[in-house]
Amino acid sequence: MWLIDLDEYRPGPFVLDSDRLPGSRRYLSPEELTRGATIDERTTVHALGRTLHHLLDGPSGWRGTAAERAVVDRAGRPDPAQRHATVAALVDDWRTA
């Protein structure tokens, strides 16, 4: 599966100079809603974590393992410093789970 974000792309970290980035609040990290916040790879980790959560959580409950849930929960934490530092680290944890 390939995920492509068509709303916003910049080739590296940047400081948000508007009130928010475009997109659904369901997937936006807190920093994407905060003028002056740094948008970086941890922001992408949050979006991927929210996407995984959306794909694996349904009306009948969580469809993944407890280890996968822990990876998803870490990726989606509000504080960027508590998330995986890189997308590669998220992928490694996911594959281990």
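Cut-offs applied
Residues numbered from 1 in each chain as written. Predicted model: local features only at pLDDT ≥ 70, side-chain atom pairs only at ≥ 80, totals over all residues. Heavy atoms only, no water. Helix = DSSP H or I, 4+ residues; strand = E, 2+ residues; numbered from the N terminus. Rg over C-alpha atoms; globule rule 2.2 N^0.38 Å. Phe/Tyr/Trp six-rings, centres within 6.5 Å; stacked < 30°, edge-to-face > 60°. Lys NZ or Arg CZ within 6 Å of the ring centre and 35° of its normal. Axes fitted to C-alpha atoms, helices over the stretch in contact; angles between N-to-C directions. Parallel < 35°, antiparallel > 145°, perpendicular 65-115°, else oblique. Left-handed = near helix turned anticlockwise from the far one by under 90°. Contact = heavy atoms within 4.5 Å. Nonpolar A, V, L, I, M, F, W, Y, C, P; charged D, E, K, R; others polar. Salt bridge = Lys/Arg side-chain N within 4 Å of Asp/Glu carboxyl O. Buried < 20%, exposed > 50% of the residue type's maximum accessible area, 1.4 Å probe, protein only.

A.B. asks: Would you mind going over the overall build of the protein with me for this structure?
C.D. replies: From N to C terminus, the protein includes three helices and four strands. Order of helices (α) and strands (β) in the protein, N terminus to C terminus: β-β-α-β-β-α-α. Taken against the 2.2 N^0.38 rule, which gives 13 Å for 97 residues, the C-alpha radius of gyration of the protein at 13 Å falls within 12% of a compact globule. Judged by the C-alpha coordinates and their principal axes, the protein covers about 40 × 25 × 25 Å.

A.B. asks: What should I look at first to understand the packing of aromatic side chains in this one?
C.D. replies: Any pair of aromatic rings gets described here by the distance separating the centres and the angle formed by the planes. Overall, the coordinates contain zero aromatic pairs when judged by the stated rule. Here the guanidinium or amino end of Arg-69 rests over the ring plane of Trp-62, the centre of that ring lying 4.7 Å away.

A.B. asks: Would you explain the packing of helix α1 (residues 41-56) against helix α2 (residues 66-75) in this entry?
C.D. replies: The relative placement of two packed helices is expressed as an angle between their axes plus a distance between the axes. Here α1 crosses α2 at 140°, and the two axes come no closer than 7 Å. Considering their axes alone, α1 and α2 lie oblique with respect to each other. Relative to α2, α1 is oriented so that their crossing is left-handed. Taken together, the residues of α2 that come into contact with α1 (itself represented by Val-45, His-46, Gly-49, Leu-52 and His-53) are Arg-69, Val-72 and Ala-75. Residues that form the contact of α1 with α2 fall into these classes: four nonpolar, three polar and one charged.

A.B. asks: How should the pattern of salt bridges be read in this particular structure?
C.D. replies: Within the structure shown, the criterion is met by four salt bridges. Asp-19 is paired through a salt bridge with Arg-35; the nearest N and O atoms lie 3.0 Å apart. Pair noted here: Asp-19 is in the loop between β1 (14-15) and β2 (38-39) and Arg-35 is in the loop between β1 and β2, with a separation of 16 residues, a long-range link. We note that Asp-19, like Arg-35, is exposed. When the shortest N-O distance is used, the salt bridge between Glu-31 and Arg-83 registers 2.6 Å.

A.B. asks: Help me understand the environment of Leu-33, please; the structure alone is not making it clear to me.
C.D. replies: As for its placement among the helices and strands, Leu-33 is situated in the loop between β1 and β2. In this structure Leu-33 touches Leu-16, Asp-19, Arg-20, Arg-25 and Leu-28, once residues within four positions along its chain are discounted.

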